[in-house]
Amino acid sequence: MSSHHIPPSFNQDHTHWFDSSLKQVSNSAELLYTYFNVIHGFSAQLTPQQAKSLQSLPGIISVLPELKYELHTTRTPEFLGLDQKPNMFPQSDTESDVIIGVLDTGVWPESKSFDDKGMGPIPGAWNGACESGTNFTVNNCNRKLIGARFFAKGYEATLGPIDESKESRSPRDDDGHGTHTSSTTGGSVVVGANLLGYAPGSARGMASRARIAVYKVCWLGGCFSSDILAAMERAVLDNVNVLSLSLGGGTADYYRDSVAIGAFAAMEKGILVSCSAGNAGPTAFSLSNVSPWIVTVGAGTLDRDFPAYVSLGNGKNYSGVSLYKGPSLPNEMLPFVYAGNASNSTSGALCMPGTLLPDKVKGKIVLCDRGVNARVQKGSVVKEAGGLGMVLTNTAANGEELVADAHLLPATTVGQKEGDEIRKYVISDPAPTAEILFVGTKLGIQPSPVVASFSSRGPNTITPEILKPDIIAPGVNILAGWSGAVGPTGLPDDTRRVEFNIISGTSMSCPHVSGLAALLKAAHQDWSPAAIRSALMTTAYTAYKNGNKIEDIATGNPSTPFDHGAGHVDPVSAVNPGLVYDLTADDYFDFLCALNYTATQIQVVTKRNTTCDTTKTYSVGNLNYPSFAVVVSSDSTGKTSRSTVVKHTRTLTNVGPASTYKVTTFSDSKAVQMSVVPDTLTFSKINEKKSYTVTFTVGEMAASSNAFGRIEWSDGKHVVGSPVAVSW
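Reading the values: rules and limits
- Residues numbered from 1 in each chain as written.
- Predicted model: local features only at pLDDT ≥ 70, side-chain atom pairs only at ≥ 80, totals over all residues.
- Heavy atoms only, no water.
- Helix = DSSP H or I, 4+ residues; strand = E, 2+ residues; numbered from the N terminus.
- Rg over C-alpha atoms; globule rule 2.2 N^0.38 Å.
- Buried < 20%, exposed > 50% of the residue type's maximum accessible area, 1.4 Å probe, protein only.
- Areas by Shrake-Rupley, 256 points an atom, 1.4 Å probe, with all protein chains shown as cover.
- Lys, Arg positive; Asp, Glu negative; His and termini not counted.
- Charge placed at Lys NZ, Arg CZ, Asp CG, Glu CD.
- Pairing = 2+ DSSP bridges.
- Phe/Tyr/Trp six-rings, centres within 6.5 Å; stacked < 30°, edge-to-face > 60°.
- Lys NZ or Arg CZ within 6 Å of the ring centre and 35° of its normal.
- Salt bridge = Lys/Arg side-chain N within 4 Å of Asp/Glu carboxyl O.
- Axes fitted to C-alpha atoms, helices over the stretch in contact; angles between N-to-C directions.
- Contact = heavy atoms within 4.5 Å.
- Expected span 1.5 Å × (residues − 1).
- UniProt positions renumbered as here; feature names shortened; annotations may be inferred.

Engineer: I'm lost on the overall build of the protein in this one. Help?
Structural biologist: If you tally the helices and strands in the protein, you get 17 helices and 37 strands. The C-alpha radius of gyration of the protein comes to 26 Å, within 12% of the 27 Å expected for a compact globule of 728 residues. Along the longest, intermediate and shortest principal axes, the C-alpha atoms of the protein span 80 × 65 × 60 Å. Burial analysis of the protein (728 residues in total) assigns 59% to the buried set. In the form shown here, the protein has an accessible surface area of approximately 27500 Å², with 51% of it arising from carbon and sulfur atoms. Considering the protein, the positive charge centre built from 57 side chains and the negative charge centre built from 64 side chains are found 3 Å apart.

Engineer: Got a minute to help me understand the sheet that holds strand β10 (residues 222–224) in this structure?
Structural biologist: Sheet strands associate in pairs through backbone hydrogen bonding, adopting either a parallel or an antiparallel arrangement. As summarised here, the arrangement of the four strands in space is β9-β10-β3-β12, forming an open sheet in which the pairing is antiparallel. The open sheet has two edge strands, β9 (218–219) and β12 (247–248), and neither has a second partner. The pairing of strand β3 (residues 68–71) with β10 spans two bridges and is classified as antiparallel. What sits directly across from K68, in β10, is F224.

Engineer: Looking at this structure, how should I read the packing of aromatic side chains?
Structural biologist: For any pair of aromatic rings, geometry is given as the distance between the ring centres together with the angle between the planes. Within this structure, the stated rule accounts for 21 aromatic pairs. Between Y324 and F438, the ring centres sit 5.4 Å apart and the planes meet at 45°, which makes this aromatic pair tilted. In this pair, Y324 sits in the loop between β17 (317–321) and β18 (334–338) while F438 sits in strand β22 (residues 433–438), placing the two residues 114 residues apart along the sequence. Residue class for F438 comes out partly exposed when judged on its relative accessible area of 26%. Here a set of aromatic residues connected by ring pairs shows up, and it is made of Y254, Y255, F264, W293, Y588, F591 and Y597. Directly above the aromatic system of W108 lies the positively charged group of R172, at a separation of 4.5 Å from the ring centroid. One Lys or Arg, K690, reaches over the ring of F683 and ends 5.7 Å from the middle of that ring.

Engineer: In this structure, what is going on with the pattern of salt bridges? I would like to understand it.
Structural biologist: Close approach of charged atoms allows side chains with opposite charge to pair. Counting across every chain of the model gives 21 salt bridges. In this structure, E110 and R172 form a salt bridge, with 2.9 Å as the shortest nitrogen-oxygen distance. Here E110 is found in the loop between β4 (99–104) and β5 (145–150), whereas its partner R172 is found in the loop between α5 (153–159) and α6 (177–186), with 62 residues between them in sequence. Since its relative accessible area comes to 44%, E110 is described here as partly exposed. Here R457 and D552 are joined by a salt bridge, their closest N and O atoms 2.9 Å apart. Of this pair, R457 sits in the loop between β24 (450–451) and β25 (471–474) while D552 sits in strand β28 (residues 551–552); the two residues are 95 residues apart in sequence, bridging distant segments of the chain. Residues participating in the shared-partner salt-bridge network are E131, R149, R234 and D238.

Engineer: Explain the sheet that holds strand β34 (residues 680–683) to me, please; I cannot follow it from the model alone.
Structural biologist: A sheet is described by the order of its strands in space; here five strands give the open sequence β30-β37-β36-β32-β34, paired in mixed fashion. If you trace the sheet from one side to the other, it starts and ends with β30 (628–631) and β34, each paired once. Taking each pair of neighbouring strands and ignoring which way they run, the sheet shows an average axis angle of 20°. Judged from the four bridges that link them, strand β32 (residues 659–667) and β34 form a sheet pairing that is antiparallel. Residue pairing in the sheet places Y661 in a bridge with L681 of β34.

Engineer: Would you mind showing me how to read the environment of K269 here?
Structural biologist: Among the structural elements, K269 can be located in the loop between α8 (258–268) and β13 (272–276). Residues in contact with K269, not counting those within four places in the same chain, are N37 and V236.

Engineer: Looking at this model, I keep getting lost on helix α12 (residues 506–523). Mind explaining?
Structural biologist: End to end, α12 covers 26 Å across 18 residues, agreeing with the expected 26 Å (1.5 Å per residue, within 8%). Among the 18 residues of α12, 17 are classified as buried, and the element is accordingly described as predominantly covered.

Engineer: What am I meant to see in the UniProt feature "domain: Inhibitor I9" (unreviewed entry) in the protein here?
Structural biologist: The positions UniProt marks with the feature "domain: Inhibitor I9" (unreviewed entry) are residues 8–72. Structurally, residues 8–72 comprises 28% helix and 20% strand, and the distance from its first C-alpha atom to its last is 45 Å.

Shown next, in the form of structure tokens:
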């Protein structure tokens, strides 16, 4: 609703105005939530006809349907270099003033990751609370886990009351995901962490001295937009400094995207919002959470693996991965069968529940194809049918990407190429046999990182002129805290309980960046969310130490900015970036004007009652973003017209010593030329701003191809890098 249009008769009582508007379309409907910060309005349960009537009332600017969002499902601090440079980051007293809000499935407060030993008093700015409910009391919070709330009104209005025998109507995490993300971002140091003996070592969050506040918005049936907005509303009032959301719900225009709308308000209050890019890769155009005031995080691998080898009766060996721990297989070759030949179902090869014939799999190792149902569930299906072990093979959708799982029976996952060879053997050999050998934890895997196959890819479907994802961070086989209510596989028949679990997803990479943003906020308390994101992006790396470009595991080729954004996060360099690309809420307002949004659509996002200036020329390409996405239109032949010239202007702010920076440009295509004016920028004092303009001249090129490049400013000590993507 438009707060500027409240009728005088309500005496500025907005809740009364909301209720009165609702009563005009329904006598029985009640306000589920009222919002005054992230949006100005309310949520309620209505029929489609009532919602339509509501839309036509005075003061109502938008009626959005409830939308369901999904979750985007130890070695990291060393891999990121955080162990070598403790003095790079200021002493822990400023870090312990930073509060990270995590919107997820709640928290398992007994996890050692939330131990508050040695932590000082709770920051004075904290305005939050610890809510009690099923299996959760105010005593579950402490000086580390300083807040815990839950939001279920939208969920219960949509799906009915929560079944408390299945999930806790409280901040308690019965799923594991929320405990994993919150301990990744700001968990305390836990010595001797491991999963069933795998990945042993000290586990610690990225900002291990920061405070954590948990907002449970995700339930068995999903995460609902009215609850997510209510949690963001509360987090803003609670005074968090960083918000971490490892969830997404497809893409929509910014004025229809609840997370984007809520994040705009958070950004205006100086809160950095970090979101997962999604797990829909390696398909192009598969990103979620693409608004420019959000940090969009993709996933890469670590230099750690969990090898488990398959030996076949024909003498060949293949390398896979596994986190299985338990009774081992007999020390001999066992009969081997392909699930597709041990089932009456057309989808038998996938090892779906109820599809395997026990008389064909009993006492054997079974080869299952990846896809459709959960990887760990396939193992459970094989076990239930009497199988002794499983080899899980990737198909084309996952290629060579290996994600390790704590299977319920001896099992390993192999890549597509090896899987095809194993399948050929098991189908053609008259008496196929196999055995599986588990090796444990292996470090120093090269090349690393590589872009994860599942990590969602650009271009940005909503605004192609804004390059997304922004950055990649570790998201494959990540060890972090876990819920005591569920086993490591999350399956109902998994009775094991673990303190730590290893899982994968952009859900895991997002909290890494949220925690690193908290470290930067502690080191530079006056930096805006845009300055923090800029520091993370312009110092990210896109090549290994040997000079080769970061690889995309989906193709085996070098990755591009549509895969990795600005590159892989490098926190040690980010503390001292030299220059930053800063942005204010006014800049984003101009950006929305450049998109030709209507006054009403802009008001939904910004809550401002101002209109675009008709005398001003707005340009999407001039948003002061740390990366460049140049969009060129092609002609009817599918080629770019003879020569297209596009200009983007940027402004750099000095956050380092006085210095002179010179520019270098690189393009991987002869068809794309870049010139920068001026090509030298001299800064004499802190916070001084200097602007430059890049002219992109794009020659004739096939419209199906993309071109990539880089623009770097350097003073010999700092390198301020920006990726360039040219698409049609």
